[in-house]
Each structure stands twice: as C-alpha cells, then as structure tokens.
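Secondary and tertiary structure notes
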Amino acid sequence: MASVTGLQTILEGYAPDPANLLDILHDAQEANEQNHLSRETLREVAEYVGLPTSTVVSSATFYSMFSLTPRGRHIIRICESPPCQLVGAESLLDLLIKTLGVEVGETTEDGAFTLETSSCLGVCGVAPAMMIDEELYGNLTKERLAGILEAVRSDDDGS
Ligand code: FES
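A brief report on the enclosed structure follows. Starting afresh in each chain, residues are numbered from 1 along the sequence in its written order. Local features are withheld for residues below a pLDDT of 70 in this predicted model, meaning they are given only at 70 or higher, and side-chain atom pairs are given and counted only at 80 or more; totals for whole chains, interfaces and linings count all residues. Excluding hydrogens and water, the side-chain values take into account all heavy atoms of the structure.

**A look at the pattern of salt bridges**
- When a carboxyl oxygen of Asp or Glu is within 4 Å of a side-chain nitrogen of Lys or Arg, the pair counts as a salt bridge. Scanning the model with the defined rule gives five salt bridges in all.
- Here Asp 110 and Arg 153 are joined by a salt bridge, their closest N and O atoms 2.8 Å apart. Here Asp 110 is found in the loop between α6 (89-100) and β2 (113-118), whereas its partner Arg 153 is found in helix α7 (residues 142-158), with 43 residues between them in sequence.
- Look at Asp 110 and you get partly exposed, because its relative accessible area is 42%.
- A relative accessible area of 34% means that Arg 153 is categorised as partly exposed.
- Three or more residues are tied together by salt bridges with common partners; here these are Arg 71, Arg 77 and Glu 116. Strands here mean DSSP runs of E at least two residues long; helices mean DSSP runs of H or I at least four residues long; both are numbered from the N terminus. For each residue, the accessible area found with a 1.4 Å probe, counting protein chains only, is set against the maximum for its type, and the residue is called buried under 20%, exposed over 50%, and partly exposed in between.

In structure tokens:
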C-alpha cells in the first residue's frame, strides 16, 4: 500500500506544481500494492501541488488508467476495439473470464489479477492484443495467453 513515507518520497521527486499532477498520480498508483489511489493519497497530492482535492479527484476519475478502488497486483487490459475483436479478442476475453474466475472489473481472490478491457492499445498490426501492467502482448492465441498468465504468476512466486 502507498505508505505515507512512500508517497513523501515520490512527492520529493517533483516540484510542487499542478503541471506535475498526472506524473505524481501515476507514480503513486504504481507504488501502491493494490494498484489504486486512496482518498488519503489524493488529498495529500492535492495539498502538495496546491490544487483543491476535488480537482485532483476529478482528474483521477477522468483517466481510465487510474483507479480509486483497490485492484490486483497485475492489471490485465484486453483490447476490445474492432480490429482486435475481428481476430478473436472476444474469445480471449471469455477465456480470461473462465480461467481467472472473474468478470471484467473484478479482481481474482488471490489478489493477483484485475481484469479490464481497453479501447485500441495502438498495436492493431499485431491484433489481438492486451497489456499486463506496462507490458504489451500481441498476436495472442489461447495457448499464448495461458502461457503468459503462467509466466506472470511464476514471476510473482519467484519474487
Ligand atoms: S484495435 Fe486492438 S490494438 Fe488497436
């Protein structure tokens, strides 16, 4: 969880300027074990950059990359725009739902994965595509998808 100490360290890396808001929120969310921005974090960031808390909450709510509710350690975003849909993204989403035992927007019981959908990820040439955290995966098949999930889980176990 983004401890106060962790947040202080992040804030110290930036000038207290509203122009740094999105970068600060990005770092604060990344430092949070549950991949979200707590109310307390938003309040402290607002105070630091000199904006009303309501403005910071609005910004965090506007951008889909931010979450105000706790999520898993890894965020899976599968593309649901037409070019990916046409080459099988829908059946991959069905497989993810079945394999992980969650619906879109939910987190697995072990806290490992939150499943989300996304509009175009900008890599239509390798459709169907998805992101896990900051990593992009293209040319997905059911077999590759299963292997990727396994690799992410074993990385977790090894860390
Ligand atoms: S439509 Fe899926 S990456 Fe562009």
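**Here's the deal with the layout of surface pockets**
- Considered as a void within the structure, the largest pocket measures approximately 490 Å³ in volume.
- Both cavities and pockets are sets of points on a 1 Å grid over the protein atoms alone; in a cavity a 1.4 Å probe fits but cannot get out, in a pocket the set is open with protein on both sides within 12 Å along at least five of seven lines, and lining residues sit with an atom within 4 Å of a point. Lining the largest pocket are 21 residues, and of these Gln 29, Met 65, Arg 77, Asp 133 and Glu 134 sit closest to its centre.
- Mapped onto the lining of the largest pocket, the elements with two or more residues apiece are α2 (21-31), β1 (74-79) and β2.
- Boundaries of every domain are those given by an automatic assignment or by a domain database. Each of domain 1 (4-62) and domain 2 (74-158) accounts for three or more of the residues forming the lining of the largest pocket. Grid points are joined across faces, edges and corners, and a volume is the space filled by probe spheres set on the points.

**What about the packing of α2 against helix α3 (residues 39-49)?**
- Here, axes are lines fitted to C-alpha atoms. For helices the fit covers the stretch in contact, and angles between N-to-C directions go from 0 to 180 degrees. Here α2 crosses α3 at 150°, and the two axes come no closer than 11 Å. On the basis of their axis angle, the class for α2 and α3 is roughly antiparallel. The interaxial crossing formed by α2 with α3 has right-handed handedness. Here Leu 21, Ile 24, Leu 25 and Ala 28 of α2 lie close against α3, whose contacting residues are Thr 41, Leu 42, Val 45, Tyr 48 and Val 49.
- Three classes are used: nonpolar for Ala, Val, Leu, Ile, Met, Phe, Trp, Tyr, Cys and Pro, charged for Asp, Glu, Lys and Arg, and polar for all others, with Gly counted as polar. For the contact of α2 with α3, the class distribution of residues is eight nonpolar, one polar and no charged. We call two directions roughly parallel when the angle between them is under 35 degrees, roughly antiparallel when it is over 145, roughly perpendicular when it lies between 65 and 115, and oblique otherwise. Crossing handedness: left-handed means the near helix sits turned counterclockwise from the far one by under a right angle, and right-handed means the same turn made clockwise. By the convention used here, residues are in contact when the closest approach between their heavy atoms is within 4.5 Å.

**Comments concerning the side chain of Thr 108**
- Along the chain, Thr 108 turns up in the loop between α6 and β2.
- Residue classification places Thr 108 among the buried positions, given a relative accessible area of 6%.
- Once you skip the residues sitting within four places of it in the chain, Thr 108 turns out to touch Leu 100, Val 102 and Phe 113.

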